[in-house]
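Working through the structure, step by step
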Amino acid sequence: MSMRTLYTFFRSSTSYRLRIALALKGLEYDPRFVSLPKLQHRADDYLSVNPQGLLPALIEPDGKVFAQSLAMLEYLDETYPEPRLVPADPLERAYVRMMSQIVACDMHPLNNVRVLKYLGQKWNFPDADVNEWYAHWIAEGFRSFEATLAQYGLHGRFCLGEQVTIADICLVPQVANARRFNCDLSAYPLLTAISERAEALDAFARAAPETQQDAF
Ligand SMILES: N[C@@H](CCC(=O)N[C@@H](CS)C(=O)NCC(=O)O)C(=O)O
């Protein structure tokens, strides 16, 4: 058995999800830093690991290779169930997946690096318009996240009561991205409070972009 390897970039929010989950579960890994600005995720050596050309990628100690952060989170949770990040109860399970997918399916893809670049390079969007695009999809997604938290009323310190789940693991990196782009988050008091409580946990702090070895 070799060491678990995580291909990561400090500012990649999908890598951040994996770093949090691995830290929560106490699973050690060897980080391989892949720079998005240097386009290392499009280089042949990375494509041979993850032909999707997106971060993160995970190689488990037994050699299994994974792409797609939500699939990895679920695999890790099923393989190393403590602490549980996806609850056993069907309603709670659907709820945390729903919250995670608001971020991972409805928000993140619209504001991904390649989309922002395409707006600028192919369609000549000025930076101000790209920033407005970014803020628009953050607002749309967080409006939906906040309303769904209120609709279900299952939140406590975290999205699901007192238990950290994949919903918090998806939320925190998206809030970090929104802050980096100076988005106004004042309309989302529930989700920002949950994010701040999660960020204060040791596992989240150790996974934060600014604490990574490749941070610049
Ligand atoms: N659905 C994928 C998305 C992965 C993804 O898009 N990762 C970003 C970093 S946060 C990336 O590699 N972007 C490169 C690009 O857009 O060119 C997942 O959840 O893993």
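Residues numbered from 1 in each chain as written. Predicted model: local features only at pLDDT ≥ 70, side-chain atom pairs only at ≥ 80, totals over all residues.

**Remarks on the domain arrangement of the protein**
Filter applied, for reference: Domain boundaries shown here were taken from an automatic or database domain assignment. The contact criterion used here is simple: two residues whose C-beta atoms, placed from the backbone, lie within 7 Å are in contact. Under the scheme used here, helices are H or I runs from DSSP no shorter than 4 residues and strands are E runs no shorter than 2 residues, and both carry numbers assigned from the N terminus. Under the scheme applied here, ten amino acids are nonpolar (Ala, Val, Leu, Ile, Met, Phe, Trp, Tyr, Cys and Pro), four are charged (Asp, Glu, Lys and Arg), and all others, including Gly, are polar.
Taken domain by domain, the protein holds domain 1 (5–83) and domain 2 (90–203). Here domain 1 and domain 2 have C-alpha centroids that lie 20 Å from each other. Opposite the 11 residues of domain 1 that make contact, domain 2 presents 14 residues. Secondary structure elements with two or more residues in the side of domain 1 that touches domain 2: helix H1 (13–24) and helix H3 (69–79). Residue composition of the side of domain 1 that touches domain 2, by class: eight nonpolar, two polar and one charged.

**A short note on the site of the ligand**
Condition: We call a residue near a molecule or strand if the C-beta atom, set from the backbone, is within 6 Å of it.
Around the ligand there are 14 residues in total, and Ser12, Leu54, Ser69, Val113 and Arg114 lie nearest to it. Elements with a contribution of two residues or more to the shell around the ligand: H1, H3 and helix H5 (113–121). When residues of the shell around the ligand are assigned to domains, at least three fall in each of domain 1 (5–83) and domain 2 (90–203).

**Remarks on unusual backbone geometry**
Residues Leu55 and Pro56 are joined by a peptide bond in cis, for which omega reads 0°. With respect to the helices and strands, the residue Pro56 is situated in the loop between helix H2 (44–47) and strand S3 (57–59). Between Glu82 and the following residue, Pro83, the backbone shows a cis peptide bond with an omega angle of -15°. One can find Pro83 in the loop between H3 and helix H4 (90–107). A positive phi angle, near 60°, is found at Leu39, a position not held by glycine. The phi torsion at Gln68 lies on the positive side, around 70°, for a residue other than glycine. Relative to the helices and strands, Gln68 resides in the loop between strand S4 (65–67) and H3.

**A closer look at the sheet that holds strand S2 (residues 30–33)**
Sheet strands associate in pairs through backbone hydrogen bonding, adopting either a parallel or an antiparallel arrangement. Selection rule: Strand pairing is defined by DSSP finding a minimum of two bridges between the two strands. Comment: axis = line fitted to C-alpha atoms, over the contacting stretch for helices; angle = value between 0 and 180 degrees taken between N-to-C directions.
Strand order across the open sheet formed by four strands is S2-S1-S3-S4, with mixed pairing between neighbours. Two strands bound the open sheet, and with one partner strand each, they are S2 and S4. Within the sheet, the average angular offset between the axes of one strand and its neighbour, ignoring direction, is 20°. Pairing of strand S1 (residues 5–8) with S2 involves four bridges; the strand directions are parallel. The residue of S2 that forms the bridge with Tyr7 is Arg32.

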